[in-house]
Amino acid sequence: MSVQQSSPVVLATQILSAASLPVIDGTPPEGSRGYQVREEKGGMVMVLPVLDGRTGPHMGAVFRARAQDEWRTMNRAARDVLTAEGWQRTEYTWDGDVFRAPGGPLDPMVKETIHVLERDGSPGYALFDVTPYAGAVRIDVVGGWNCRQLSISDVARPALYAAGFDVETVHEGEGAERPEWGTLHHLVVRPPVERREEWALAHTVRRFLQSEYTHIGWEVHMRPALPEHLPEGSAPDAHLGALLYQFNGHAVHHSRAYDYELRRAGYELQPSRHPWWRNIRILRPAAAA
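Residues numbered from 1 in each chain as written. Predicted model: local features only at pLDDT ≥ 70, side-chain atom pairs only at ≥ 80, totals over all residues. Heavy atoms only, no water.

Undergrad: I keep staring at the confidence of the model for the protein chain and nothing clicks. Help me out?
TA: Low-confidence regions, as indicated by low pLDDT, have predicted coordinates that should not be scrutinised in detail. Averaged over all residues, the pLDDT of the protein chain is 80; the fraction at 70 or higher stands at 80%. Every residue in residues 179–183 scores below 50 in pLDDT, and together they form 15 contacts with partners more than four places removed in sequence or on other chains. (pLDDT = per-residue confidence, 0-100. Contact = heavy atoms within 4.5 Å.)

What follows is the structure, encoded as structure tokens:
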């Protein structure tokens, strides 16, 4: 079915079901687990995780051990699946997220950019407007000056860099195009074309750290490792599948912050060519036993 022929609720249900995320119609049975999709004003849909037969993270199920974490994981899974299809999250609520379907087919670069921002960067207060721009993609952020400044500096940029996007800032006059946004500048980005396996690893690592610490902002930088980053004598292809991992951190954090969590999750942190740079190392998945 096309976007024009199907309602947003039907489309959202199809996308969730295709990803093996079960959709529950009507009153959830006792102990059930899945999702409900409800129509909202303006053609929006709300996706509500159902855990232990209840919607909402603070109702009943929250008193069971780890239920709160399970609810968050379910909510994130639905968000990942929908935003991968170009749906944009318009609101965060205690019961679930509200999404808007794309108005039609999306440019592949726009679609990927929306997915990265929603998956790895966007907090509840930031809404991104993503449009094609001169062979690239332009990002505007909805909100007043403080909201936009925080969103671009602390949210959008780290997520885009972790995904390997080239990022450029374009300045325009105040109130350009959308006066209610108070737009002062835009981000212009291009998705990566090479080393996609390594950029996917950067996605995964950032997602893991965000799950442990909520928001890591500018503390961590990652990019595919190059031969000159590895210790001398390394095999010619040893850089493949590895990241150059840099922890800038805050003054209160040691350069080894996050190490325990990363190793617990199955990653190895090894010296770079310059071992005295304790904040710059080589990250790779641990070798299979």
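Undergrad: Before we go on, may I ask you to explain unusual backbone geometry in this structure?
TA: A negative phi holds for most residues other than glycine; trans holds for most peptide bonds. Not every positive phi belongs to a glycine, and Ser20 is a case in point at roughly 65 degrees. Looking at the element boundaries, Ser20 is found in the loop between helix H1 (8–18) and strand E1 (34–39). Backbone geometry at Tyr258 places phi at a positive 80 degrees, although glycine is not the residue there. Tracing the backbone shows Tyr258 in the loop between strand E11 (243–247) and helix H6 (259–264). Judged by relative accessible area, which is 6%, Tyr258 ranks as buried. (Helix = DSSP H or I, 4+ residues; strand = E, 2+ residues; numbered from the N terminus. Buried < 20%, exposed > 50% of the residue type's maximum accessible area, 1.4 Å probe, protein only.)

Undergrad: Would you explain the pattern of salt bridges in this entry?
TA: When the charged atoms of two side chains lie near each other, side chains of opposite charge can form a pair. All told, the structure shown has 11 salt bridges when counted by the stated rule. As a salt-bridge pair, Arg196 and Glu112 come within 2.6 Å of each other at their nearest N and O atoms. Within this pair, whereas Arg196 is found in helix H5 (residues 196–213), its partner Glu112 is found in helix H3 (residues 108–121), the two being separated by 84 residues in sequence. Judged by relative accessible area, Arg196 falls into the partly exposed class, the value being 40%. Put simply, Asp259 and Arg281 hold a salt bridge, and the shortest N to O gap is 2.7 Å. Placement of the pair is Asp259 in helix H6 and Arg281 in strand E13 (residues 280–285), with a sequence separation of 22 residues. Each of the two residues, Asp259 as well as Arg281, counts as buried. Put simply, Arg76, Asp80 and Arg207 are held in one network by salt bridges that share partners. (Salt bridge = Lys/Arg side-chain N within 4 Å of Asp/Glu carboxyl O.)

Undergrad: Looking at this structure, I do not really get the nonpolar core. What am I missing?
TA: As a rule of thumb, nonpolar side chains are buried together in soluble globular proteins. Of all hydrophobic cores here, the largest spans 19 residues; its most connected members are Leu16, Tyr35, Val47, Leu82 and Trp87. At the level of secondary structure, the elements contributing two or more residues to this core comprise H1, E1, strand E2 (45–51) and helix H2 (67–83). The dominant element in this core, judged by the number of residues it contributes, is H2, at 6 residues. Beyond its immediate stretch of four places on either side in the chain, Leu82 contacts Ala12, Ile15, Leu16, Val47, Trp87 and Phe99. Counting 18 residues, the second-largest nonpolar core is a separate cluster that includes Ala202, Phe208, Leu243 and Tyr267. (Core = buried A, V, L, I, M, F, W, Y, C linked by side-chain atoms within 4.5 Å.)

Undergrad: Honestly, the environment of Arg157 in this entry has me stumped. Any pointers?
TA: For Arg157, the position within the fold is in helix H4 (residues 145–162). For Arg157, a relative accessible area of 16% gives the class buried. Put simply, Arg157 and Val189 are 32 residues apart on the chain and 9.8 Å apart in space, counted from C-alpha to C-alpha.

Undergrad: Mind showing me how you'd approach the sheet that holds E11 here?
TA: Two strands in a sheet stick together by hydrogen bonds in their backbones, pointing the same way (parallel) or opposite ways (antiparallel). Strands sit in the order E10-E11-E13-E12 across an open sheet of 4 strands; the sheet is antiparallel. Looking at strand neighbours, the two that pair on one side only are strand E10 (220–224) and strand E12 (267–271), the edges of this open sheet. With strand direction ignored, the average angle separating the axes of adjacent strands in the sheet is 30 degrees. In this sheet, E13 lies alongside E12 in antiparallel orientation, the contact comprising 5 bridges. Within E13, the residue paired with Pro271 across the bridge is Arg281. Along the sheet, H5 makes contact with E10, E11, E12 and E13, crossing E10 at roughly 160 degrees. (Pairing = 2+ DSSP bridges. Axes fitted to C-alpha atoms, helices over the stretch in contact; angles between N-to-C directions.)

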